[in-house]
Amino acid sequence: MLIRIFNRIYRFLQSNKILKFTYYSILFLYPIVFLYSYNRIGINAIGLHTNLIVPLYLIVLCEFISKKYFPGNSFFLNLRHFTIIYLIIESLLIIVRPYHIYYSNFYGQYESLYDAKAHSYYHIRKPHEKYHLKQSEFDYTRTANSLGIPDKEWSERKENNTIRILCLGDSFTEGDGAHTDSSYASFMGRSLSKQFPNIEVMNGGRCGSDPFYDFELLKDILIQYQPDIVVQSFTTNDFFFDMVIKGGSERFQKDRKLKYRKKYWWEPVYAASFTARIIIQLFGGYDKYLIKQKEYSVSNKEIENKSIELFKNYQSFTQKRNIDLVVFSLPFKSDFQTETRNSNFHKKFKTEFAQFYLEFYNLQPCYENEFKKSNTSYKDYHWKNDGHHNARGYEMMAKCIEDIVTPVIEKRIANKNTLVN
């Protein structure tokens, strides 16, 4: 039935001069535009348009060869028939967007996790870039500052009695899923300023970042802003996902370029066809992130050692500059459902970090206490479909981190007063 509908639409298109001209113009111009985009941004030029237009080219090619060179040849007629079936399947998959095979941005543009060329060295935006954090449930606008960080402009000039808190991390630090004024850093900054004079909270979070990116950015650029306290997130998403793909400090090459752990030659095929994704996942054993299940367990020990070494260096770097380093993990929605990954992850690294006197805080108990006090559940603090916090969730996150940071601030103030006296 669907094939008959397609053929009717296709015949109508061919019978209308304007539609036919438009159709063939698109087919003619698309390769020019696509090749230009591919040359600029690589595999990320592939989108839903590519998934649909490739089979249309094959249909036109089959018709041309069949009519001009092999009239009535069953091979090309059958090939056209199967291509139409393929096009219908692709169209249905685009509409349904199955969670286990679909990994693209909101607009359907493919976003390769393995294309290091698509990412900046410090995982920052272009200066003053305006962009959207958009999903089906929300759409929030962000504007990067002159450093390429989605926060207000920062001043290098700092008063002697000012205490600067620099928040570093990924999308949960940037505040994906809420207005820029509703990130945890924004909530915490407003709250702390009521308790302490001359507190500055700087939000250095960037969606998709991880502690390796953050430490590199701090060492090379952000240290000039003289932070007194650095609040760094370290989550299961960093450990089991980002670092598996991007590796550790070795990603930063001497030529100031990035190099991730691996790259697949066949990824353009995977990007341009949902059907190919199903086949590759089914027979190759990959998930939608192109990671095999056995890779997770094999790489865990390697990433664990690299993470411990990173935070050992992080602790040493901040201590030498009289900066207090606060590291925390936070639970995701799954940690309140069936999985307990965050608790096990935190327990493991808390023990490891203690060996070089770095405290590793876990926000999960604080979250659970908030649920009990307010008679709520995790569902009230997260978007239903997206995994990020809503504004209420970031306000809770801010309270939990504020409880950790406040004693650190008080200690710094006390030390300053002692030196003055």
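A. Region of interest: the environment of I223. In this fold, I223 is placed in the loop between α7 (211-220) and β5 (229-233). Since its relative accessible area comes to 24%, I223 is described here as partly exposed. In this structure, I223 is in contact with L218, F317, R321 and I323, ignoring residues within four places of it in sequence.

B. Highlighting the state of the cysteines. Counting across every chain of the model gives 1 disulfide. With its sulfur 2.1 Å from that of its partner, C366 forms a disulfide with C400. In this structure the cystine formed by C366 and C400 twists about its S-S bond by roughly -90°; its chirality is therefore left-handed. Taken together, the residues C366 in helix α13 (residues 364-374) and C400 in helix α14 (residues 391-420) connect sequence positions 34 residues apart. Exposure remark for C400: the relative accessible area of 3% places this residue in the buried category.

C. Broad picture of the environment of L133. Along the chain, the position of L133 falls in strand β1 (residues 130-135). Residue classification places L133 among the buried residues on the basis of a relative accessible area of 7%. C-alpha separation for the pair L133 and C400, spaced 267 residues apart in sequence, amounts to 24 Å. Not counting the four nearest positions on each side in its chain, L133 is found in contact with F138, D139, Y140, R142, E174, D176 and C207.

D. Local environment of the pairing of strand β4 (residues 199-203). Counting buried residues in β4 gives 4 out of 5 residues, a clear majority hidden from the surface. Pairing of strand β3 (residues 163-168) with β4 involves 5 bridges; the strand directions are parallel. Bridge pairing in β4 places I165 opposite V201.

E. Seen up close, the side chain of D228. Within the fold, D228 resides in the loop between α7 and β5. Judged by relative accessible area, which is 9%, D228 ranks as buried. Looking at D228, its side chain comes within polar contact range of the side chain of K158, at 2.7 Å. Dropping the residues within four chain positions of it, D228 is found in contact with K158, T162, I163, R164, N322, I323, D324 and R412.

F. Summary view of the sheet that holds β5. Here we have 5 strands laid out as an open sheet, ordered β4-β3-β5-β6-β7, and parallel in their pairing. Whereas interior strands pair on both sides, the edge strands pair on one side only; in this sheet they are β4 and β7 (360-362). Neighbouring strand axes in the sheet, compared pairwise and without regard to direction, differ in orientation by 25° on average. Bridge count for β5 against strand β6 (residues 324-329) is 5 bridges, and the pairing is parallel. Residue pairing in the sheet places S233 in a bridge with F328 of β6.

G. Region of interest: the pattern of salt bridges. Taken as a whole and judged by the stated rule, the model has 22 salt bridges. The closest approach of N and O atoms between D220 and R256, which form a salt bridge, is 3.8 Å. In this pair, D220 is assigned in helix α7 and R256 in the loop between α8 (236-246) and α9 (267-272), connecting sequence segments 36 residues apart. Under the relative-accessibility criterion, R256 is labelled partly exposed at 46%. The partner of R412 in a salt bridge is D228, and the shortest N-O contact between them spans 3.4 Å.

H. Here's a closer look at the packing of aromatic side chains. The tally for this structure, following the rule as stated, stands at 40 aromatic pairs. A ring pair is formed by Y264 and W266, whose centres lie 4.6 Å apart and whose planes are at 25°; its orientation type is stacked. Between F345 and F360 the ring centres are 6.1 Å apart and the planes differ by 80°, which places this aromatic pair in the edge-to-face class. Residue F345 is found in helix α12 (residues 341-354), and its partner F360 is found in strand β7; the two are separated by 15 residues along the sequence. For the residue pair F345 and F360, the accessibility class agrees, reading buried in each case. Taken together, the aromatic side chains of F215, F234, F239, F240, F311, Y314, F317, F345, F349, F353, F356 and F360 make up a single cluster linked through ring pairs. The ring of Y131 has R125 sitting right over it, with the charged end atom 3.6 Å from the ring centre.

Calculation criteria
Residues numbered from 1 in each chain as written. Predicted model: local features only at pLDDT ≥ 70, side-chain atom pairs only at ≥ 80, totals over all residues. Heavy atoms only, no water. Helix = DSSP H or I, 4+ residues; strand = E, 2+ residues; numbered from the N terminus. Buried < 20%, exposed > 50% of the residue type's maximum accessible area, 1.4 Å probe, protein only. Contact = heavy atoms within 4.5 Å. Disulfide = S-S within 2.5 Å. Pairing = 2+ DSSP bridges. Polar contact = N/O pair within 3.5 Å; in protein donor to acceptor, adjacent residues only side chain to side chain. Axes fitted to C-alpha atoms, helices over the stretch in contact; angles between N-to-C directions. Salt bridge = Lys/Arg side-chain N within 4 Å of Asp/Glu carboxyl O. Phe/Tyr/Trp six-rings, centres within 6.5 Å; stacked < 30°, edge-to-face > 60°. Lys NZ or Arg CZ within 6 Å of the ring centre and 35° of its normal.

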